[in-house]
Structures are given as structure tokens and as C-alpha cells.
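Structural overview
For reference, the chains in residue letters:
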Amino acid sequence: MRWTERTWPLALLALGIAGLLASLVLNAVVVAPNRLLTGHGYVSIAIPTLRWLPLAWLVVLATSRLPAAAGLAAAMSVLSALLLATGLAAAGLLAAAGEHARVQLGAGFWCMVTAAVLLVADRLRELKARPYLRLACWTGLALLVVAMAATGVFDRLSVVQEFALQRTRFITAVGQHLLLAFAAAAAAVALGAPLAMAVAQRQGGRGATLAVLNLVQTIPSMALFALLVAPLAWLGVGGTGNAPALVALTAYALLPVVRYTLAGLATAPPAALDAARGMGLQPWQVLTRVQLPLGLPVFAAGLRIVLVQSIGLAAVAALVGAGGLGRFVFLGLGQGANDLVMLGTLAIIVLALAADGACRALERWMEPRA
Amino acid sequence: MIEFSNVSKRFGQGEAVDGVSLQIASGELFVLVGPSGSGKSTLLRMINRLVEPDEGSVRIDGKDVRDTPATDLRRGIGYAIQSVGLFPHWSVARNIGTVPRLLGWSNDRIEARVQELMAMLELDAGIATRLPAELSGGQQQRVGVARAMAATPAIVLMDEPFGALDPVTREKLQHAFRRIHADTGTTVVFVTHDMDEALQLGDRIAFIDGGHVRQCGTPLELLLSPADEVVRGFVGGASAGLRLLSVRKVRDAMTPGSVADGTPSINADADLRQALSMMVDSRLRTLRVDGADGQVISLDGLLAPPR
Ligand SMILES: Nc1ncnc2c1ncn2[C@@H]1O[C@H](COP(=O)(O)OP(=O)(O)O)[C@@H](O)[C@H]1O
Ligand SMILES: [Mg+2]
């Protein structure tokens, strides 16, 4: 403890310096003549609305030796001010540019956002924040972003303009994406959990099952989707669309489902299992009364991993003609419209983070009961 | 009565149990003692069919255990083990009530039985709602024993139930357990690798070694006439004399006589080792015996050959 107190907070310094450098040398925004052409980048000190950023990062650096609460406040302030000022800067730049001009977010912006988010996370960890305080900080930031979006602060950013153009299709895609990911997770649980229970007692069966599922996991996702097209077409299910996507996503989700189910079943102490059998519990009673309740936290963690993985992989499903946010990514790549790619990617990241957060909250809520 | 007839069990190459025949009388506290890995647990677990013998049979009151469905059989036989195996997610009360609940007792009856058992095992009623992790090792073992006896089984199997406890706690539990056994008349089959525990608790003892029964008899028989050098090695050693004293009662060695007024007295049911200790403590060769007029216990009485 004393040793860490005397050492410099290296992570905080590194993040602060990264933010400072990003504000000085990387493009905060890029102004392009239209949504497809490459444009001209601006460092934050070149834009009046963003000129204060290096100073802000110096303040953040200065707080690295201060108590965590002060550092947390500084990081959260910089993060929200950065978002607000970037939106305002975009509006200013666009007014001076041509009719079809777009203001895109540059590497400098993303570096600064990442550094600020990591700083907030680091400071929260340092505070040993109670779960609810942690949750309050993140939801507070999220609500702030939503409020800024609602009042039109971000309307002049190219990503948001892409969203405005695609609004209905975007909302449908979010629904499809979630449906696909949840359906795959549900199917994997329905298949994988009984499979794991069946092989749990058998050394050989367990090894073979895990070996096969590990093999599936090593097939690159695009290849697996492509591999499934022919056999499914032959089966008459349709080689493209939602069927192959669902099959492939389920296949990928099986490994974590089986692995976490096995780990969860192994949570029960061997002595408790011996006692349970010795007192005359039927095998199914040993399972439902002892193994399942004791494994609950592990099962919940497994479900979280499976959901996050499926949400991420569902992006690739667009390749075989399934719906979902992946469509925007591939459409954008095809057109060379980077902001369309960005729109799809950001939405997937937000969905994955939201699923992760919700599951963690659920796990924590369940913990004292188990 | 529990009857092993020529039972054998192999795991892989080795013979864990090899042609064992034993008879355990009803109401007896029967101890299986022997070195680690000698096959004691395997023998014990044949009684409730956690292990099925390769050869031979186990009969309870004349009926082969294989003729009763395993779960029905087990619900009628108490089972307590060294690592306790309490269910970590269930309260003490729920743990104790496991078998009664399986048997479909009413909630009121289960609750009354749990209270009765907790009192019997000297467990504070306040811990009924606690989880096992919140108990001391001694309390956990008491809960384990209470759970094994919950549905008033005619037979209780115990596999080194006090093995993990410190000597003081262990001795307390051994005493409590002897008393409970005497009160309930349950048949108990008790596994231990600790010869002192075996001699202290057992009505009869089977000495197991390498899957065989080397000797079966009362504690006194094992001490006075060990069947071979292996048994002698286990029961004898430096404390053989003290062990002999500890398995005999004052009642069995007292003689008519008189002592000066104010001489300390000892209970007739105390063992001779306690008597010796009291003699050394009070620097006297003769003690008065409580509740036995005109009887004394003397150093010569201790040294005389057992009657
Ligand atoms: N389930 C099992 N699988 C394989 N070997 C076993 C099993 N149970 C017991 N054994 C072996 O059988 C022998 C006797 O074991 P056990 O009855 O547990 O001895 P004890 O209880 O006297 O220590 C040991 O060599 C042990 O390794
Ligand atoms: Mg054993």
C-alpha cells in the first residue's frame, strides 16, 4: 500500500499525456466537401471552440496526484465539455463551408474521448466505488450525451447526418441485430446447457465436446458464414438470410455456453455432492437443488459473455444477407462512406456495452442470494 | 443387523476391499479403523450403495441392499462425512431438514425435529438461520451429525466425521456423540484412522488393512490379544498401557475397602485413565468411588489384570 502511494500514478500520467498530445497534433475534426470525398483536417488548437483543450489536459495531468474524487470530476468535465464543444465546432465549420460539406470526427477526437473514458474508469476503480456510484457516473454521462443529442448539439456531425438519413432503417436494424443475437444466445443455451450436463460426468465426452467446439471457434467468422451457405441452401432453408446467420452465431456461442455450464456445475463442493447422493437425493434433485443454485453466478457470467460475443459477431451476419447493424458497416465500406461505417460500428459497441452492463448489474444483484 | 458376506471391490488394478465378511449388531456402535487407503470408506459406502460390490453381498436385516431402490435405501440411512458436505446455499435448519423434506414430512414436524436435534447437539438455536460458512468447524460438524440423524434412521454411517477438528472440540463431540448413541439406540458404523478415537467410541472394532479385516473385537480384545504384529503395532506403542486404562471403567476394577475422610472421589463410570490422573494429581494411592458404598479404586486395582 505504502509503496503504491509513493510511486507515480503512471496510468493516469500516460492517459493525460496521450490526451494532451492528441489535442496538439491529431486532427480533432475533418471537413470534407461531401460525404464520400476526403477532406481537410483541423487540430483542436486551430479551431476557436476547441482551443482550450490542451489547457484542460494540463489540468487533468495536474490532478493525477490529487485524490481520486478530484481526478474523477476533472476527467468527467473534460469528457462532457469535449463532446459539447466538438458539436458546436462542427456547426461553426459547416456554416462557413459548402452546401454538401460534412464535418467528420478525427483521430484526435477519438483519442481524447478514449483517454477521458479510461481516466473515468481508472478513477472509479481507485475510489473502490460502490456499484451504484459506478452505475450513477456512467448513466449520468450517458444521459448527458442523450440530452445534448436531443437538443441538437451533434446534428452537424456527419455521423449524425448519416443517422438522420437512415433513421427508420437504423431502428429496424437495431431490432434485427438484437433479435439475431438474443435468438442465437437462446438457441446456444438450449442446446449447449443440456449437452454440458450430459458430458459433465464423463471425462472422455467432456474432452471431445470441448475439442470440437474449440475447433468451430477457430474458423474465421466470415468463412463459417460462407461455409454454411451451400449446405443450408441444399437443405432448402435458404443459403442466405437469417438462417445461416443464426446457425453460425449459435455455433460460436456453443463453446462459451458449454464451458461456463461445466464450470458452473463444478462450483458445488464434491463433499456436498457426495452428501447429497448419500442422503438419497435423486440425480435430478442433486442438479436442481444443489448444482444449479450454486452455479448461478457462473452461469450468469457465461450468459453475459455469450450475449456480448453474439452482438459483436452478428455484425458479420450482414454478409450472408441477414439484417442487423452490419449492413451499415458493409454498405459504408462499399460506398467509401466512412461515417456510415462509423454509425454501424458505434451502435454495435453501444449495444454490447449496454448488454454487458445490464448483465453485470444482474449478477451483482444475484450474488448475495447465491 | 448389517451383514457383509465375502464382499470385494476393485478400482482399476488394486483390490480396495478383498473378501470381507462382517456382522454388525443392531444398536451397536461399530468402528472401522485402519490406515488411510485401507478400504474403510469403500466398505462403509457399500451399505448405502454409493459403492456396489463386485462380489459378495451386503444385507440389512436379512435383505440384500440391492433389492431396495438406492434413493429409498439412502433416505433410511443417515450419512455424515469428514468434509461435512453441508449445502453452502442452505441455512442450518434447511440443511438439517434435508431428508425429512425428501420424505415429505410436514413443515411443522420438520421444524420441531430440527429444534430437537439442535438442542441434542448443543447447537445454539439462534444459528438456525445462518449459512454454513458463518459457522465454526465444530458447529459445522455438529450440523452434519444432526442432518444425518434427522429422519431418525435406524442406521447412521459416519466417515471420519470428527477428523478435521482440533483435539478439544473433537473430544467434546465424541462425548456428545456417545451420549446420543446411548440415548437413541441407533446402529452406527463409524470410520476413523485414529486408534484412540476407535477405542474411545467403539462397542466393537474391525481393524482393516489392505482391504482385509485383520481383527474384529471389543477394544479390550484388540488391546489384550492383538491378532498379529500389524494390529499390535497399531494398538500398542508407547501409550499401550494408558489406552488399556482408558477403555476400562472404575466400576470394573474397584475393590472393597475404606479410605480416610476427605479423600477425593471418582464416578464409577469414569475410565481408569481418569482415575490414574486423579491419583497423580492428589498424590494418593486410593480413591473413594461415588455411589458405590464401601468400594475404593486403588493403584493395585489399576495394575491387576482385567477381569
Ligand atoms: N472411486 C474410486 N476410484 C478409484 N479408486 C478408488 C475409489 N475409491 C477408493 N479408491 C481406492 O481404493 C482404496 C481404498 O480407498 P478408501 O476406501 O477410500 O480407503 P480409506 O477410507 O480406508 O482411506 C484406495 O487405494 C483408493 O485409492
Ligand atoms: Mg476414507
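Quick caveat: nothing in here was measured; it's all calculated off a predicted structure. (Residues numbered from 1 in each chain as written. Chains lettered and ligands numbered in written order. Predicted model: local features only at pLDDT ≥ 70, side-chain atom pairs only at ≥ 80, totals over all residues. Heavy atoms only, no water.)

Attention now goes to the pattern of salt bridges. Taken as a whole and assessed by the stated rule, the structure comprises 25 salt bridges over all chains. R113(B) serves as the salt-bridge partner of E116(B), at 3.2 Å between the closest nitrogen and oxygen. Of the two residues, E116(B) and R113(B) are both situated in helix α5 (residues 107–120); the distance of 3 residues between them amounts to about one turn of the helix. For E116(B), a relative accessible area of 46% corresponds to the partly exposed category. Of the charged contacts, one joins E122(B) and R142(B) as a salt bridge, the two residues approaching to 3.6 Å between their closest N and O atoms. You can see E122(B) sitting in the loop between α5 and α6 (137–149) and its partner R142(B) sitting in helix α6, a full 20 residues away along the chain. On the basis of relative accessible area, E122(B) is assigned to the exposed category, the value being 52%. A single salt-bridge network, built from bridges that share partners, covers R304(A), D356(A), R360(A) and E363(A). (Salt bridge = Lys/Arg side-chain N within 4 Å of Asp/Glu carboxyl O. Helix = DSSP H or I, 4+ residues; strand = E, 2+ residues; numbered from the N terminus. Buried < 20%, exposed > 50% of the residue type's maximum accessible area, 1.4 Å probe, protein only.)

Position of R74(B) relative to the elements: it lies in helix α2 (residues 70–75). In sequence terms R74(B) and R49(B) are 25 residues apart; their C-alpha atoms lie 7.9 Å from each other. Once residues lying within four places of it in the same chain are set aside, the contact partners of R74(B) are R277(A), G278(A), M279(A), G280(A), N48(B), R49(B) and L50(B). Polar contacts involving the side chain of R74(B) include one to the main-chain carbonyl oxygen of R277(A), which spans 3.4 Å. (Contact = heavy atoms within 4.5 Å. Polar contact = N/O pair within 3.5 Å; in protein donor to acceptor, adjacent residues only side chain to side chain.)

With that settled, consider the sheet that holds strand β1 (residues 27–32) of chain A. Residue and element names in this part refer to chain A. Taken in spatial order, the 3 strands make up an open sheet running β2-β1-β3, and their pairing is antiparallel. Pairing within the sheet leaves two strands with one partner each, and these edge strands are β2 (40–43) and β3 (102–105). The sheet shows a mean angle of 30 degrees between the axes of neighbouring strands, taken without regard to direction. Sheet topology places β1 next to β3; 4 bridges connect them, and they run antiparallel. The residue bridging A32 from the neighbouring strand is R102, located in β3. (Pairing = 2+ DSSP bridges. Axes fitted to C-alpha atoms, helices over the stretch in contact; angles between N-to-C directions.)

Looking now at the domain arrangement of chain A. The accessible area lost on association of the parts is a frequent measure of interface size. Residues and elements named next belong to chain A. The assigned domain composition of chain A is domain 1 (2–156) and domain 2 (163–369). Between the C-alpha centres of domain 1 and domain 2 there is a distance of 33 Å. With 6 residues of domain 1 at the contact, the number on the domain 2 side is 9 residues. Counting across the interface, domain 1 meets domain 2 through 0 salt bridges. (Domains from an automatic or database assignment.)

All names here are of chain B. Taken together, F11, A16, P35, S36, G37, S38, G39, K40, S41 and T42 are the residues near ligand 1. Within the backbone of G39, an N or O atom sits 3.0 Å from an oxygen atom of ligand 1. Residue K40 places a side-chain N or O atom 2.9 Å away from an oxygen atom belonging to ligand 1. Relative to its unbound accessible area of 560 Å², ligand 1 is 53% covered by the protein chains. Here the shell around ligand 1 gets 3 residues from one element, more than from any other, and that element is helix α1 (residues 40–47). (Near = heavy atom within 4 Å. Areas by Shrake-Rupley, 256 points an atom, 1.4 Å probe, with all protein chains shown as cover.)

Here we take up the domain arrangement of chain B. Domain parsing of chain B yields domain 1 (2–243) and domain 2 (249–303). Taking only C-alpha atoms, the centre of domain 1 of chain B and the centre of domain 2 of chain B are 34 Å apart.

Our focus in this paragraph is the sheet that holds strand β11 (residues 255–256) of chain B. Sheet strands associate in pairs through backbone hydrogen bonding, adopting either a parallel or an antiparallel arrangement. Residues and elements named next belong to chain B. Here we have 4 strands laid out as an open sheet, ordered β11-β14-β13-β12, and mixed in their pairing. Sheet topology places β11 and β12 (265–267) at the edges, where each strand pairs with a single neighbour. As defined by bridge partners, β11 adjoins strand β14 (residues 295–298) across 2 bridges and the pair is classed as antiparallel. Residue pairing across strands places T255 opposite V296, the latter belonging to β14.

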